[in-house]
Amino acid sequence: MERLITGTDLLNIGFKENAVLGITLALVNRKYASQDKEEVLVLLKNLNDAPESFLEDEALGNLAHAIIDEANKPKDVVIPLVENTNEYTIYGEQNIEEGAKDQMKVAMKLPVTVAGSLMPDAHQGYGLPIGGVLAAKNAIIPYGVGVDIGCRMALSIYDIPESFFMENQAKFKRELIAQSKFGAGQGFKGKEKANHDVLDREEFNINPLLKSLKDKAWSQLGTSGGGNHFVEFGIIEFEQRDEVLNIDKGRYLALLTHSGSRGLGGIVAGHYTKLAKSICKLPRETENLAYLDMNSQEGMEYWIAMNLAGDYASACHQVIHDKMTRTVGGKVLAKVENHHNFAWKEILNGEEVIVHRKGATPAGKGVMGIIPGSMTAAGFLVRGKGEENAINSASHGAGRLMSRTQAIKNITRDDMRQVLKDHGVTLIGAGKDEAPMAYKDINTVMASQKDLVDVVAKFTPKMVRMADDGSQED
């Protein structure tokens, strides 16, 4: 019986676990199978120790070249973290889990980090925590932006009085169902497809990846994702006239939507996160914060793709709001839109930085934003104060009190139905993971960010549409 040389044999004489190991095994067990095993192992050890001596050998020359090439490959250099980091600001710290704070501490150790802040709705995520804001010098972190690129809130305020909505709820429910589509992978077909100028953007042709996503983007234009995404009617109340929006004191019907860039954004995020990890070698605890140099080809490509995905997300909301406005009638008095899961070029302390807001609302001085609560809790139309310690940011919602798994395990359908009934909310779709009890108290969150935003108006949900199966985002 032939005594085959094994991988363990080769490792014992100094070979490494790499591509050369397999090549060597295949060669020697084919060409030297009939020779004495110990003699062959001595030969192979000599080859591995001094491959340059075998370059002209008829049988082993190619293997010698392979060993030399492997030895001369550039080694991955792990980028060291910064030990003495700057402090980061925390708002509502007493209500933020330790996991989120630990993730923010790690993010502050990146050599490209300039400043950081944690919003009062923060909870643990992947890489940068949800509710984390990070300013970086000339670097973009795909996972610092997040999977659902450009996810946003959009609000249309109608001249329709509250009484009209309350008297015609059946009509509004019918249109809410007819004019919206939800869930991972969902899209429109044929004549149902919407059109928008964003589909004509030249950026779709910058590389094969974006080109391959254009059909998916067209199909999903005007749809909403799964998870916590929604389309809802509610009553917005202005306690005093707002001159900027030109809206008088009063209560008005409003449409509020929350969704992002669908499959387009998800695939872009996955591709460039993987690319960043292959280029930017960081210690294990920070590998999800791998970044791309803004001057590199990969960094520029991601920046272009991210901005395209953000504009596409905005287009999705525009299509939804236009459809709904046509069907319910009424005049739009004002529209407000803001996004998160994005990165912006901004000036901080006199220098240009890339500000990542993963689940955080831009709140520069005078900037309008919408901060929702839950399907039963109030949301707030706000105006930013431009607080530099918060990197001009605020929370993007109430934030999760329970993980999705905990909510599904601990909340019953009966409990959920009772809470909805108590608040007079009609719910279409949604899973238990989105139950109101799974979220923090929005009033506590708002109290923690009085220095960051002024409240302009209060939005109370009345009719909420979400993914029927409670599915996650694409």
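As a convention, each chain's residues are numbered from 1 in the sequence order in which they are written. Per-residue local features are limited, in this predicted model, to residues with pLDDT of at least 70; the limit for side-chain atom pairs, both in listing and counting, is 80 or more; totals at the level of whole chains, interfaces and linings are taken over all residues. Only hydrogens and water are removed before side-chain values are computed, so all heavy atoms of the structure are retained for them.

Comments concerning the pairing of strand 7 (residues 250-259)
By the criterion of burial, strand 7 is predominantly enclosed, with nine of the ten residues buried. Only when DSSP finds a minimum of two bridges between them are two strands counted as paired. Each helix is a run of H or I in the DSSP string that is no shorter than four residues. Each strand is a run of E no shorter than two, and both are numbered from the N terminus. Sheet analysis places strand 5 (residues 152-161) next to strand 7, joined by seven bridges and oriented antiparallel. Residue pairing in the sheet places Leu155 in a bridge with Leu256 of strand 7. Relative to strand 7, strand 6 (residues 230-238) runs antiparallel, the two being bridged by nine bridges. Directly across from Phe233, in strand 7, lies its bridge partner Leu255. Between buried and exposed lies partly exposed: a residue is buried under 20% and exposed over 50% of the maximum accessible area for its type, with that area taken using a 1.4 Å probe on protein chains only.

Side note on the layout of surface pockets
In this structure, the largest pocket occupies an estimated 1200 Å³ of space. Using protein atoms alone on a 1 Å grid, points that fit a 1.4 Å probe yet trap it form a cavity, whereas open point sets bounded by protein on both sides within 12 Å along at least five of seven lines form a pocket; residues with an atom within 4 Å of a point count as lining. Considering the residues around the largest pocket, the lining is formed by 45 residues, among which His123, Ile130, Asn228, Arg400 and Arg404 are closest to the centre. Elements with a minimum of two residues in the lining of the largest pocket: strand 2 (113-123), strand 6 and helix 12 (404-410). Classes in brief: Ala, Val, Leu, Ile, Met, Phe, Trp, Tyr, Cys and Pro nonpolar; Asp, Glu, Lys and Arg charged; the others, Gly included, polar. Partitioned by chemical class, the residues of the lining of the largest pocket number 15 nonpolar, 20 polar and ten charged. Grid points are joined across faces, edges and corners, and a volume is the space filled by probe spheres set on the points.

Points about the state of the cysteines
Defined by distance alone, a disulfide is two cysteine sulfur atoms within 2.5 Å. On inspection of all chains with the given rule, the structure shows zero disulfides. Free of any disulfide, Cys316 has its nearest cysteine sulfur in Cys151, 11 Å distant. Using a relative accessible area of 1% as the deciding quantity, one classes Cys316 as buried.

A few points about the environment of Met437
Residue position: Met437 is located in the loop between strand 16 (426-428) and helix 14 (442-447). In this structure the C-alpha to C-alpha distance between Met437 and Cys151, which are 286 residues apart in sequence, comes to 23 Å. Those residues within four positions of Met437 in sequence are excluded, and the remaining contacts are Leu401, Met402, Ile411, Asp415, Met416 and Val419. Whether two residues touch is decided by their heavy atoms; if any such pair falls within 4.5 Å, the residues are in contact.

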